[in-house]
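Here's the letter readout for the chains.
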Amino acid sequence: SHLPPSSRGALRSWGAGASLLSLITLVVSAGNYGFSFLVVHLLTPKQFSGFSAAQGLLLVIGSGCMAAIPWAIARFIALHDTAETRQEALHFGLVAAAIQGAVAAPIAGIILGVTAGLGVGIATGVATFAISMVAAPVGFLQGIDKLAALGGLWLLELVVRVGSATAAILIVSRTAAAALLGFSVGSAALVVAGLLVGRSGFPLRRGARTTVVSLAKQSLNLGAIQVFLTMLGALDTVAALAAGLRTTVTASYQAAALLGRIPLFLSTAISLAAYTHMAAPDEERDVRREMTKALALYVTVTIPCVLACWTIPNELLGLLIPRSYAYTGRLLRFTSVNGAAVGWINIVSTGHQARGRFGRAIKIMGVAAIAQPILLIVFGRWFGIWVFASVLVAVSVGAAIVLTLDGRRWVSLRP
């Protein structure tokens with residue numbers, strides 16, 4: 001009842017936007033992996049191990065920043081789209097993103113500083129703050145339904161990030177810290193371009209106290225879910241580094257984890273397109289319909305990815321990954337299933353977030369996210385990489401099943 005006629009029409013079909021973002025996500029993922037494979041050949045296994053741990057964390061933090069603050073302001077705009085609310089939403093987004101970055105940057109920096117060295121820790125902290133600022137323009141453009149513009153900004157970020165990082169490696173130093181420089185530069189370019197595209201949000205206007213409090217509460221709840229999703233999707237590479245495995249084994253796992261994350265990035269694109277359409281309807285049957293579409297699209301694009309990871313010939317894999325990373329092919333079977341499970345969790349939790357059902361999702365995802373790295377480090381140290389990989393899959397698949405059963409009213413696949 002709060003939606004303008006144009007939004008009601010958009011509610012009937014978001015498949016084109018989701019398909020476009022999924023296609024762009026595939027292109028961006030291909031670019032990410034192309035750069036990662038370049039780094040594999042330019043850095044030593046030890047340097048690549050530190051880069052991979054930081055990159056895994058930053059890439060999924062980037063995915064998380066597409067949901068916490070952005071989804072709060074996107075929902076606010078979708079329900080109350082006026083010039084004033086757009087200005088209030090963008091003002092809140094910029095302030096909240098800066099606070100989020102100030103909190104998250106030192107945490108990420110310390111984690112990587114302890115596990116991979118001071119230089120990697122500093123580069124990760126700076127990049128985390130830059131990525132956090134992306135939240136404001138992304139949420140604003142999502143709220144005004146400019147999905148094509150979002151896709152273009154992601155492509156811009158990819159080009160700037162990969163170009164600046166490659167230049168840093170070749171010109172400055174062949175270190176993990178230099179390879180991570182592109183995350184900061186690319187995110188800064190996205191923020192500037194995104195604010196130019198979203199200039200209808202200016203001049204900024206501070207919202208009423210009740211509006212700010214409501215948006216802050218939503219952002220905190222959404223942020224908690226996204227932090228746990230980030231932990232499930234990224235901390236395995238950090239845990240592999242902390243488990244004390246041999247360098248070649250750790251690097252092999254991290255290379256496999258890069259490929260195994262493709263489904264998670266696809267799920268982020270689909271969730272981004274579907275979120276406001278699941279948040280807006282008054283009737284729950286409309287929510288189930290939107291969730292059905294989201295899950296059906298996710299399954300359609302994810303199954304081929306997982307099958308490709310299970311059947312990739314060693315000869316082809318050898319062209320991408322140095323042969324010294326001997327365990328990558330076999331570990332890829334575990335990481336691809338893990339990526340698919342975490343991506344499913346992402347889609348299902350989107351329904352919980354859109355309808356304000358935060359409590360149960362936070363409890364289920366929180367238990368899994370906190371237990372997983374602890375179990376991985378303990379079992380990795382005691383029993384080695386294969387038990388490590390098995391525990392990884394068991395936790396993520398178990399969490400996906402429990403969350404789906406809990407949210408069955410949102411994930412019914414009946415028409």
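Structure's up top.
What you are looking at is a predicted structure, and each value in this text was computed from that prediction instead of being measured.

### Considering the environment of valine 40
- Assignment of secondary structure puts valine 40 in helix α2 (residues 15-42).
- In this structure, the C-alpha to C-alpha distance between valine 40 and phenylalanine 51, residues 11 residues apart in sequence, is 9.6 Å.

### Section: the packing of aromatic side chains
- Within the structure shown, the criterion is met by 6 aromatic pairs.
- With a centroid separation of 6.3 Å and 40° between ring planes, the pair formed by phenylalanine 48 and phenylalanine 51 is classed as tilted. Residue phenylalanine 48 and its partner phenylalanine 51 are both found in helix α3 (residues 45-64); the two are separated by 3 residues, about one turn of the helix.
- Under the relative-accessibility criterion, phenylalanine 48 is labelled buried at 0%.
- In this structure an aromatic cluster arises from ring pairing among Phe35, Phe48 and Phe51.

### Quick notes on the side chain of threonine 85
- Relative to the helices and strands, threonine 85 is located in helix α5 (residues 83-116).
- Side-chain polar atoms of threonine 85 contact the backbone nitrogen of threonine 82, separated by 2.8 Å.
- Here threonine 85 is in contact with Phe76 and His80, once residues within four sequence places are set aside.

### Digging into the packing of helix α15 (residues 328-354) against helix α16 (residues 358-383)
- Between α15 and α16, whose axes approach to 9 Å, the crossing angle comes to 155°. Taken together, α15 and α16 sit at an angle that is classed as roughly antiparallel. Two packed elements cross with a definite hand, and for α15 against α16 that hand is left-handed. Residue-level contacts link Asn338, Ile345, Ser349, His352 and Gln353 of α15 to Phe358, Ala361, Met365 and Gln372 of α16.
- Class assignment for the residues of the contact of α15 with α16 results in 4 nonpolar, 5 polar and no charged.

Rules used throughout
- Residues numbered from 1 in each chain as written.
- Predicted model: local features only at pLDDT ≥ 70, side-chain atom pairs only at ≥ 80, totals over all residues.
- Heavy atoms only, no water.
- Helix = DSSP H or I, 4+ residues; strand = E, 2+ residues; numbered from the N terminus.
- Phe/Tyr/Trp six-rings, centres within 6.5 Å; stacked < 30°, edge-to-face > 60°.
- Buried < 20%, exposed > 50% of the residue type's maximum accessible area, 1.4 Å probe, protein only.
- Polar contact = N/O pair within 3.5 Å; in protein donor to acceptor, adjacent residues only side chain to side chain.
- Contact = heavy atoms within 4.5 Å.
- Axes fitted to C-alpha atoms, helices over the stretch in contact; angles between N-to-C directions.
- Parallel < 35°, antiparallel > 145°, perpendicular 65-115°, else oblique.
- Left-handed = near helix turned anticlockwise from the far one by under 90°.
- Nonpolar A, V, L, I, M, F, W, Y, C, P; charged D, E, K, R; others polar.

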